[in-house]
Amino acid sequence: MKNWKRYTVTSALPYANGPLHIGHLAGVYIPADIYVRYLRKRGKDVIFIGGSDEHGVPITIKARNEGISPKEVVDRYHTIIKESFEKLGISFDIYSRTTNKTHYETASDFFKKLHRNGNFIEKTTEQYFDTEANQFLADRYITGTCPHCSNEKAYGDQCESCGTSLNATDLINPKSTISGSKPVLKETSHWFLPLDKYEQFLRNWILDEHKEWKTNVSGQCKSWLDMGLQPRAVSRDLDWGVPVPVSGAEGKVLYVWFDAPIGYISATKELTKDWERYWKDEDSRLIHFIGKDNIVFHCIVFPSMLKAEGSFILPDNVPANEFLNLEGDKISTSRNWAVWLHEYLDDFPGKQDVLRYTLCANMPETKDNDFTWKDFQARNNNELVAILGNFVNRTVVLTHKYFEGKVPPKGTPGDYEREVEKTILSLKTDIEQSIENFRFREAQKTLMDIARLGNKYLADCEPWKIYNNEPAKVGTVLYYSLQIAGALTTLCEPFLPFTSQKLQKLLNVQTQKWEEVGNISALNEGQAIETAFLLFEKIEDAEIERQVQKLLATKKQNEQISLPVTPAKPEITYDDFMKMDIRIGTVLEAGRVPKTQKLLKLKVDTGLDIRTLISGIAEYYTPESIIGKQVCILANLQPRNIKGTESKGMILMAEGPDGVLKLVSPAELSANGSLVK
RNA sequence: GGCGAGGUAGCUCAGCUGGUUAGAGCGCAUGAUUCAUAAUCAUGAGGUCGACGGUUCAAGCCCGUCUCUCGCUACCA
């Protein structure tokens, strides 16, 4: 095991076009914060880097839609995000943003160096250009008809109706969302990072040299590497972002994926003059906390960039988490299916640690996990209140009852006390092991075991029973109970920083150095402690019910929003219509097309002939269920080769707003070849 | 269709390079207890380890086939 001199810990930069929800917290920031707080307590040299990712097309679109500038958009969300982090105790050493000056310089320099080194390839491609607005159009600025599902509101990069990823040039009837005009293709040149050249290096580095990475992470990387990497554009034609710092690149900015991870470096620069030690010294350990959606960028793309640059260290580990669901459904910003942090903070004031605790206990470390309000309540009432809060409370109350609120003399410890001491130390070691292996759920559970130990110790010794006969023994028992609480004060700090604060106040102590925890000297004999106050309060059913109702209302609202009906198409003439030869036919044979998910191969009697056609309906109809059915066929559609079979014609389907396809059939049995008009 | 991750008690999860009666927390049941926010402590019930087949003296762990969930990817009217 390498002896690291310092730690550079980054957490994914949240995209500044919306507020944060519990998924962000559970996936990235809670584990990162626990890790960092732990390292600090151990006296390690560690910096914790965060910041808002403020470039990219979605932000410019949001700005345009709201009639404000991109800067105003990111200012608004950066503020909200930053405030949520602060209130939840995410202890960044710096929370920066990618729109500040340092970042522009850093990202520019980075690009320039790679450019000088000849690490990029320059390619000229044709892209859509809006002649009215006089600018190139990013994919998201182009809408048109999806060539696959005919959705008329497909974007240039993806059709959200059928989920297909597209190239802008695939769209039928492309339209600029800026001016509404029809864009024209125009040549533009861009720089590409040839990821394929780093494939071998990545393969060795990830799959051979970092076998300790989480299986979900290395598995995902292997999948990407096996598919083969392609050169990736690092620039875009856009006016929002870091300008490409070479001559002849006017109107071009760095692609957001290129500029965002450099944000980690820029933020470090802002934090300390000594930044290079954290990024270039082989004794520095770089750790990226991210969600699984970011694996490819942090394990493939960014390392390739760093490798190309040459002077930087590479991440030693990328402990990516899976996703958190909410009450059984995917968290979704557009459907408002989320618990927003700023709302939580309003609804549950002073309960930051309850959320931190619940999210840590349910952290999606190995697979997607589910957050439910019922579980939130149970964790609070049955664990934080009943085990941790209760142990501390009974200890403090007993101390006041028998010793006037002063730490009693240690007296003569017996076997039990020695056992308690040993157990605390061993649990502490377990916590260390778990955290260092990024097993935060396990670490937190072990933390609670210490409170459990305290409860059991009290129950076994029964100081309230023996006080009349053995007051000195009671002193010893409470002395040890208080020391357990003292140990908890420090050990809980990474997980429950606000509770640690409360404990310090209650016990009238400071946290110890991590190394000293468990040495039964957190509190001194005779020292006064505060009168008891509660660390945690029970959460009543009514409060939970309110939150559940809130979500139910959202769900109801979502259901009522009828999915948008595709808007009317432009008027056509009767002649246009008559060009189409639509006929009734009968399906004679049907079978799946091998190696596809959606395709059926059909043999149909059209009256004119018996022909073969391919139809993408396998998700809705089995071959058996469609044989013998009468269908409508567009018979004079240009044949097309699909998966090695010539498809002559198209079966007409009714597509619901949800994308579900249904056969269109004549209401009564009709002769094959009947004309539909 | 290809690739990746996952499917272990009601819930959330552990199970190391295969080895005695498969573990923990929460929940549940019973008992004890009253210092404590009806909190705590003890005991217990509860699992054909997704399904089937195979390798082995021995499989939750290895191999094969299938199935379900999530993600990436391909194809797609």
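Residues numbered from 1 in each chain as written. Chains lettered and ligands numbered in written order. Predicted model: local features only at pLDDT ≥ 70, side-chain atom pairs only at ≥ 80, totals over all residues. Heavy atoms only, no water.

Participant: Whenever I open this one, the overall build of chain A confuses me. Can you help?
Facilitator: Per the secondary structure count, chain A includes 20 helices and 25 strands. Its C-alpha atoms give chain A principal-axis dimensions of about 105 × 65 × 50 Å. Taking all 677 residues of chain A together, 52% fall into the buried category. Accessible area of chain A: about 31,300 Å², with a carbon and sulfur share of 48%. (Helix = DSSP H or I, 4+ residues; strand = E, 2+ residues; numbered from the N terminus. Buried < 20%, exposed > 50% of the residue type's maximum accessible area, 1.4 Å probe, protein only. Areas by Shrake-Rupley, 256 points an atom, 1.4 Å probe, with all protein chains shown as cover.)

Participant: Explain the environment of Ala26 here, please?
Facilitator: Positionally, Ala26 belongs in helix H1 (residues 22-41). As for Ala26 and His288, which are separated by 262 residues in sequence, their C-alpha atoms are 15 Å apart. Among residues more than four places away in sequence, those in contact with Ala26 are Pro31, Asn321, Leu324, Leu359, Met363 and Pro364. (Contact = heavy atoms within 4.5 Å.)

Participant: Please clarify how the sheet that holds strand E7 (residues 154-155) should be interpreted in this entry.
Facilitator: Within a sheet, neighbouring strands are paired by backbone hydrogen bonds and run either parallel or antiparallel to one another. Spatially, 3 strands are ordered E7-E6-E8 in an open sheet, and the strand pairing comes out antiparallel. Each end of this open sheet is capped by a strand with a single partner; those strands are E7 and strand E8 (172-176). Relative to E7, strand E6 (residues 142-145) runs antiparallel, the two being bridged by 2 bridges. Paired with Gly144 across the strands is Ala154, a residue of E7. (Pairing = 2+ DSSP bridges.)

Participant: What's the story with the pattern of salt bridges in this structure? I'm lost.
Facilitator: When their charged atoms lie close together, side chains carrying opposite charge are able to pair. Taken as a whole and assessed by the stated rule, the structure comprises 42 salt bridges. Of the charged contacts in the structure, one is a salt bridge between Lys71 and Asp75, with a shortest N-O distance of 3.1 Å. One end of the pair, Lys71, and the other, Asp75, are both in helix H3 (residues 70-87), 4 residues apart, so they sit about a helical turn from each other. Judged by its relative accessible area of 27%, Asp75 falls in the partly exposed class. (Salt bridge = Lys/Arg side-chain N within 4 Å of Asp/Glu carboxyl O.)

Participant: Would you explain the environment of Gly219 in this entry?
Facilitator: Along the chain, Gly219 turns up in helix H6 (residues 215-227). Put simply, Gly219 and Leu207 are 12 residues apart on the chain and 9.1 Å apart in space, counted from C-alpha to C-alpha.

Participant: What's the story with the environment of Ile633 in this structure? I'm lost.
Facilitator: Within the fold, Ile633 resides in strand E20 (residues 630-634). Overall, the relative accessible area of 1% leaves Ile633 in the buried class. The sequence separation of Ile633 and Phe302 amounts to 331 residues, and the corresponding C-alpha distance is 50 Å. Here Ile633 is in contact with Asp581, Ile582, Arg583, Gly585, Val604, Thr606, Leu613 and Met650, once residues within four sequence places are set aside.

Participant: Which parts of the structure should I look at to understand the confidence of the model for chain A?
Facilitator: For chain A, mean pLDDT is 88; residues scoring 70 or higher make up 94% of the total. Both scores are available for the predicted complex, with the pTM at 0.85 and the ipTM at 0.90. (pLDDT = per-residue confidence, 0-100.)

Participant: Just checking my understanding: could you explain the side chain of Thr106 for this structure?
Facilitator: Looking at the secondary structure, you find Thr106 in helix H4 (residues 101-117). Taking the relative accessible area as the measure of exposure, Thr106 reaches 6% and is therefore buried. Leaving out residues up to four positions away in the same chain, Thr106 has contacts with Ile262, Ile265, Ser266 and Lys269.

Participant: Help me out: how do you make sense of helix H16 (residues 471-491) in this one?
Facilitator: Given 3.6 residues per turn, any residue in an α-helix points the same way as the ones three and four places further on. Relative to the 30 Å expected for 21 residues at 1.5 Å per residue, H16 spans 30 Å between its end C-alpha atoms, a close match to the ideal helical length. A large share of H16 lies buried, amounting to 18 of its 21 residues. (Expected span 1.5 Å × (residues − 1).)

Participant: Explain the nonpolar core to me, please; I cannot follow it from the model alone.
Facilitator: One finds Ile22, Tyr35, Phe258, Leu355, Phe371 and Phe376 to be the most contacted residues of the largest nonpolar core, which totals 163 residues. Discounting residues that sit within four places of it in the chain, Tyr35 has contacts with Tyr7, Val9, Arg285, Ile287, Phe289, Ile435, Phe438 and Phe440. Grouped together as the second largest cluster of nonpolar side chains are 16 residues, Leu600, Tyr621, Val631 and Ile651 included. (Core = buried A, V, L, I, M, F, W, Y, C linked by side-chain atoms within 4.5 Å.)

Participant: I tried to follow the packing of aromatic side chains on my own but got confused; where do I start?
Facilitator: Any two aromatic rings considered together are summarised by their centre-to-centre distance and by the angle between their planes. Using the criterion set out here, one finds 37 aromatic pairs in the structure. When the ring of Tyr38 is compared with that of Trp514, the centres are 5.0 Å apart and the planes differ by 90°; the resulting orientation is edge-to-face. A residue pair is termed long-range when its members are at least 10 positions apart, and Tyr38 in helix H1 and Trp514 in the loop between helix H17 (497-507) and helix H18 (541-560) qualify at 476 residues. Neither residue differs from the other here; Tyr38 and Trp514 are each classed as buried. When the centroid spacing of 6.3 Å and the interplanar angle of 65° are considered together, the rings of Tyr264 and Phe302 count as edge-to-face. (Phe/Tyr/Trp six-rings, centres within 6.5 Å; stacked < 30°, edge-to-face > 60°.)

Participant: Help me out: how do you make sense of unusual backbone geometry in this one?
Facilitator: If a residue is not glycine, its phi is most likely negative; likewise, a peptide bond is most likely trans. With a phi close to 60°, Asn336 is a non-glycine residue in the positive phi region. Along the chain, Asn336 turns up in the loop between strand E15 (329-330) and helix H10 (341-347). Residue Asn336 is classed as partly exposed on the basis of its relative accessible area, which comes to 36%. Backbone geometry at Glu462 places phi at a positive 45°, although glycine is not the residue there. Here Glu462 shows up in the loop between helix H14 (440-461) and helix H15 (463-466). In this structure Glu462 comes out as partly exposed when scored by relative accessible area, which is 28%.

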